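Each chain, written out:
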Amino acid sequence: MNEIPINKRASCFYWISIILLILGITSWFPYLVFNIQAGFGMLTFILNPIGFIFGYLANNRLTALTNLLMIFSFIPVVIFVYLVKGYIPM
């Protein structure tokens, strides 16, 4: 059987993690930039844990850490919206 070499597999996991990180970041744009009151930001709770796992499997601490931080990005966004708009969106 032909198996994928470890470095190719790690590279694939790395790029999947990066793509999920970018998708997690862009999921906040409709809410913060365009003022669209939709729950797209909640995608970070789905996409970024998967990105964290792929970053861990790629043995890349930076991508795993940034995906982990994006999981908790909801807290600064709520604080920002509360300070700027004066209400907590729920």
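Residues numbered from 1 in each chain as written. Predicted model: local features only at pLDDT ≥ 70, side-chain atom pairs only at ≥ 80, totals over all residues. Heavy atoms only, no water.

## Side note on the packing of helix α3 (residues 44-57) against helix α4 (residues 61-71)
And then number 1: Running from N to C, α3 and α4 point in directions that differ by 160°, and their axes come no closer than 8 Å. Considering the angle they form, α3 stands roughly antiparallel to α4. By crossing handedness, the relation of α3 to α4 is classed as left-handed. Touching T44, F45, N48, P49, G51, F52, G55 and Y56 of α3 are T63, A64, N67, L68, M70 and I71, all from α4.
And then number 2: Its residues assigned to classes, the contact of α3 with α4 shows eight nonpolar, six polar and no charged. (Axes fitted to C-alpha atoms, helices over the stretch in contact; angles between N-to-C directions. Helix = DSSP H or I, 4+ residues; strand = E, 2+ residues; numbered from the N terminus. Parallel < 35°, antiparallel > 145°, perpendicular 65-115°, else oblique. Left-handed = near helix turned anticlockwise from the far one by under 90°. Contact = heavy atoms within 4.5 Å. Nonpolar A, V, L, I, M, F, W, Y, C, P; charged D, E, K, R; others polar.)

## Focus: the side chain of S27
And then number 1: Here S27 is to be found in the loop between α1 (6-26) and α2 (29-32).
And then number 2: Note on S27: relative accessible area 5%, which makes it buried.
And then number 3: Among the polar contacts made by the side chain of S27, one reaches the main-chain carbonyl oxygen of G24 at a distance of 2.6 Å.
And then number 4: Once you skip the residues sitting within four places of it in the chain, S27 turns out to touch F40, G41, L43 and T44. (Buried < 20%, exposed > 50% of the residue type's maximum accessible area, 1.4 Å probe, protein only. Polar contact = N/O pair within 3.5 Å; in protein donor to acceptor, adjacent residues only side chain to side chain.)

## Thoughts on the environment of T44
And then number 1: Among the structural elements, T44 can be located in helix α3.
And then number 2: Owing to a relative accessible area of 0%, T44 belongs among the buried residues under this scheme.
And then number 3: As a C-alpha pair, T44 and L23 span 21 residues in sequence and 8.2 Å in three-dimensional space.
And then number 4: Every residue in contact with T44, bar those within four places of it in the chain, is listed here: G24, S27, W28, P49, M70, I71 and S73.

## Details of the confidence of the model for the chain
And then number 1: Summary statistics for the chain give a mean pLDDT of 83 and a share of 88% for residues scoring 70 or more.
And then number 2: When pLDDT is averaged over each element of the chain, α3 comes out on top at 92 and helix α5 (residues 74-85) at the bottom at 76. (pLDDT = per-residue confidence, 0-100.)

## What about the environment of C12?
And then number 1: For C12, the location among the structural elements is in helix α1.
And then number 2: Here C12 falls in the partly exposed class, since its relative accessible area comes to 41%.

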